[in-house]
Amino acid sequence: MTRNDPVKHFFIWPALLIVLVISIFPLIYSLTTSFMSLRLVPPIPARFVGFGNYTELLQNPRFWSVTWTTTIIASVAVTLQYVIGFSVALALSRRVPGEGLFRVSFLVPMLVAPVAVALIARQILNPTMGPLNELMTVFGFPNLPFLTQTRWAIGAIISVEVWQWTPFVILMLLAGLQTLPEDVYEAAALENASPWQQFWGITFPMMLPISVAVVFIRLIESYKIIDTVFVMTGGGPGISTETLTLFAYQEGFKKFNLGYTSALSFLFLIVITVIGLVYLAILKPYLEKHK
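Residues numbered from 1 in each chain as written. Predicted model: local features only at pLDDT ≥ 70, side-chain atom pairs only at ≥ 80, totals over all residues. Heavy atoms only, no water.

Visitor: Which parts of the structure should I look at to understand the pattern of salt bridges?
Guide: Two side chains bearing opposite charge may form a pair once their charged atoms approach each other closely. Counting across every chain of the model gives four salt bridges. Linking R62 and E242 is a salt bridge whose minimum nitrogen-to-oxygen distance equals 2.6 Å. Of this pair, R62 sits in helix α3 (residues 61–93) while E242 is found in the loop between α10 (227–232) and α11 (244–254), placing the two residues 180 residues apart along the sequence. A salt bridge links K224 to E221, with the nearest nitrogen and oxygen atoms 3.3 Å apart. (Salt bridge = Lys/Arg side-chain N within 4 Å of Asp/Glu carboxyl O. Helix = DSSP H or I, 4+ residues; strand = E, 2+ residues; numbered from the N terminus.)

Visitor: Sorry if this is basic, but what is going on with the packing of aromatic side chains here?
Guide: To describe a pair of aromatic rings, you give the distance between the ring centres and the angle between the ring planes. This model, assessed by the stated rule, comprises 17 aromatic pairs. Seen from their ring centres, F35 and F51 are 5.3 Å apart, and the 85° between their planes marks the pair as edge-to-face. On the criterion of sequence distance, the pair formed by F35 in the loop between α1 (7–33) and β1 (36–39) and F51 in the loop between β2 (44–48) and α2 (52–58) is long-range, its members being 16 residues apart. Since its relative accessible area comes to 59%, F51 is described here as exposed. Taken together, a centroid distance of 5.9 Å and an interplanar angle of 55° make the contact between F51 and Y54 tilted. Following the ring pairs from residue to residue traces out a cluster consisting of Y82, F86, W196, F199, W200 and F204. (Phe/Tyr/Trp six-rings, centres within 6.5 Å; stacked < 30°, edge-to-face > 60°. Buried < 20%, exposed > 50% of the residue type's maximum accessible area, 1.4 Å probe, protein only.)

Visitor: Would you mind going over the packing of helix α8 (residues 182–190) against helix α9 (residues 195–223) with me for this structure?
Guide: Helix-helix packing is characterised by the crossing angle of the two axes and by the distance between the axes. Put simply, α8 and α9 touch, their axes get as near as 11 Å, and they point 150° apart. In terms of axis orientation, α8 runs roughly antiparallel to α9. Seen along the crossing, α8 lies across α9 with a hand that is right-handed. On the side of α8, the interface is formed by V184, Y185, A188 and A189, while α9 contributes Q198, I202 and T203. Tallied by class, the residues present in the contact of α8 with α9 amount to five nonpolar, two polar and no charged. (Axes fitted to C-alpha atoms, helices over the stretch in contact; angles between N-to-C directions. Parallel < 35°, antiparallel > 145°, perpendicular 65-115°, else oblique. Left-handed = near helix turned anticlockwise from the far one by under 90°. Contact = heavy atoms within 4.5 Å. Nonpolar A, V, L, I, M, F, W, Y, C, P; charged D, E, K, R; others polar.)

Visitor: Can you help me understand the environment of T148 in this one?
Guide: Inspection of the secondary structure puts T148 in the loop between α6 (131–138) and α7 (150–177). For T148, a relative accessible area of 46% translates into the label partly exposed. Sequence-wise, T148 and K255 are 107 residues apart; in three dimensions their C-alpha atoms are separated by 25 Å. Each residue touching T148, except ones within four places of it in the same chain, is listed here: P127 and P237.

Visitor: In this structure, what is going on with helix α12 (residues 258–289)? I would like to understand it.
Guide: Because an α-helix completes one turn every 3.6 residues, residues spaced three or four positions apart along the sequence face the same direction. Between its first and last C-alpha, α12 extends 47 Å over 32 residues, near the 46 Å set by a 1.5 Å rise per residue. In the structure, α12 departs most strongly from a straight axis at L283, where the bend amounts to approximately 40° and where the proline P285 lies between one and four residues downstream. (Expected span 1.5 Å × (residues − 1). Bend = angle between axes of the 7 residues up to and from the residue.)

Visitor: Just checking my understanding: could you explain the UniProt feature "transmembrane region" (unreviewed entry) in the chain for this structure?
Guide: Under the UniProt annotation, the feature "transmembrane region" (unreviewed entry) is placed at residues 12–32, 66–92, 104–125, 198–220 and 263–283. Here residues 12–32 is 100% helix and 0% strand, with 30 Å between the C-alpha atoms at its ends. With 100% helix and 0% strand, residues 198–220 has end C-alpha atoms that lie 31 Å from one another. (UniProt positions renumbered as here; feature names shortened; annotations may be inferred.)

Visitor: Could you clarify how one ought to interpret the nonpolar core in this entry?
Guide: Generally speaking, soluble globular proteins have nonpolar side chains that are buried together. L57, F63, F86, L173, Y223, F247 and L264 are the most contacted members of the largest nonpolar core, which has 42 residues in total. Of all the secondary-structure elements, those providing two or more residues to this core are α2, α3, α7, α8, α9, α11 and α12. Ranked by residues supplied to this core, first place goes to α12 with 10 residues. Excluding anything up to four places from it in sequence, F247 contacts L57, N60, R62, F63, V66, E242, Y260 and L264. (Core = buried A, V, L, I, M, F, W, Y, C linked by side-chain atoms within 4.5 Å.)

Visitor: How do you make sense of α7 when you look at a structure like this?
Guide: Its 28 residues give α7 an end-to-end C-alpha distance of 38 Å, which sits within 8% of 40 Å, the value for a rise of 1.5 Å per residue. A maximum bend of about 40° is found in α7 at W165, where proline P167 lies one to four positions downstream.

Visitor: How should the environment of P131 be read in this particular structure?
Guide: Here P131 is to be found in helix α6. In this structure P131 comes out as partly exposed when scored by relative accessible area, which is 47%. A C-alpha to C-alpha distance of 26 Å links P131 and V76, two positions 55 residues apart in sequence. Each residue touching P131, except ones within four places of it in the same chain, is listed here: Q123 and I124.

Encoded structure:
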């Protein structure tokens, strides 16, 4: 059977059409709903309001507050994940003793469900009965409000995100490090270049493309955070740790305000797209320079 055999279309097109229908229909329906005033409880008949939902959202201080909170959590968490992940990947690429054991142990957090991780973290960081505060009390320190004060709660969420998803960064960067040519480092050693000079002059520039991809993936995923926040703080205290996806959940599944939630989802998509485009535009000159 040749590659141009028309029989292949009999198998490809039905699958492609099914995927398109499953993907495009909800998207079009959601976009249409975003221009409607539609609420299930109490039931209100659908009414076309144009950009009314979008205007109301953009004028809602809560939307800007949760956008800022999500940005802080995502940017700080991803930065720490990259710095720690790169450091660990560099150490593992040097063939440290027990390398195999470290690789397996570092991957364990990534394999655990985020809800399970958040439940364990909530128990450990409990302000009154958590083992961490009990341990600190033994050494004479006061109980710390890990989940009941805004700064501590955001720090706790970031810490859990870093613990769980740094292994992904380690895995990707370690794969990239193992593909770097050895002859470049041998030439640098002949020139008496220090390890620090080799890192900034060779390793980091050559790892820049994969670094950009890894950070981009983690940034997009971090902006969609909901399970960790929902379990650990529920968005509290107040709405100080509420994220965009949790805000959409509250509006859609608790208030059943479908039109408003659909508009929020598309604004969320616009925010993610703009951040991604700005991120890639900033790094494009550096990527072209190190091709």
